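Residue strings, one per chain:
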Amino acid sequence: MRTPGGVKPRPKPYGNTGLMVGLKVYESSHDMVGVVSGFAPGGMVHLVRPTGYQWSVPWTRVRPATDREKRQLAALAKLHCTRCAGLAA
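In this report, we go over the structure that sits alongside the text. (Residues numbered from 1 in each chain as written. Predicted model: local features only at pLDDT ≥ 70, side-chain atom pairs only at ≥ 80, totals over all residues. Heavy atoms only, no water.)

Describing the nonpolar core
At step 1: One finds L19, V25, M32, V36, V45, L47, W55, V57 and V62 forming the largest nonpolar core, which totals 9 residues.
At step 2: When near neighbours in sequence (up to four residues on either side) are disregarded, V62 contacts L19, V25, Y26, E27, L47 and V57. (Core = buried A, V, L, I, M, F, W, Y, C linked by side-chain atoms within 4.5 Å. Buried < 20%, exposed > 50% of the residue type's maximum accessible area, 1.4 Å probe, protein only. Contact = heavy atoms within 4.5 Å.)

Below is the structure:
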């Protein structure tokens, strides 16, 4: 959805949690970094990794990713892209 000026609106936070779609987060029960892809009733957050792995957890188990964890996620995306291109590292 775009506004009349052609600019995409900013994502809205989920309730008062501060979480929004596209936010990079650390999830404690899986000990993994992921990106918020959506929300479900009951306070569940849908997460996805660059490899396509998806899972859902309660919003209380996620926190914003640190700079180090964001770099880790970017490195994982780069590795996955390289492997999909057939140039296994």
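Structure's up, so let's keep going.
Overview of the side chain of E27
At step 1: Along the chain, E27 falls in strand β1 (residues 24-27).
At step 2: It is R61 that comes nearest to the buried, bridge-free E27 among opposite-charge side chains, at 5.0 Å.
At step 3: Within polar-contact distance, the side chain of E27 engages the side chain of W55 at 3.0 Å. (Helix = DSSP H or I, 4+ residues; strand = E, 2+ residues; numbered from the N terminus. Lys, Arg positive; Asp, Glu negative; His and termini not counted. Salt bridge = Lys/Arg side-chain N within 4 Å of Asp/Glu carboxyl O. Polar contact = N/O pair within 3.5 Å; in protein donor to acceptor, adjacent residues only side chain to side chain.)

Considering the sheet that holds strand β5 (residues 62-64)
At step 1: Pairing is antiparallel across the open sheet formed by 5 strands, whose spatial order is β4-β3-β2-β1-β5. The open sheet has two edge strands, β4 (54-58) and β5, and neither has a second partner. If you compare each strand with its neighbour and ignore which way they point, the axes differ by 50° on average.
At step 2: Where strand β3 (residues 44-48) and β4 come together, 5 bridges link them in antiparallel fashion. (Pairing = 2+ DSSP bridges. Axes fitted to C-alpha atoms, helices over the stretch in contact; angles between N-to-C directions.)

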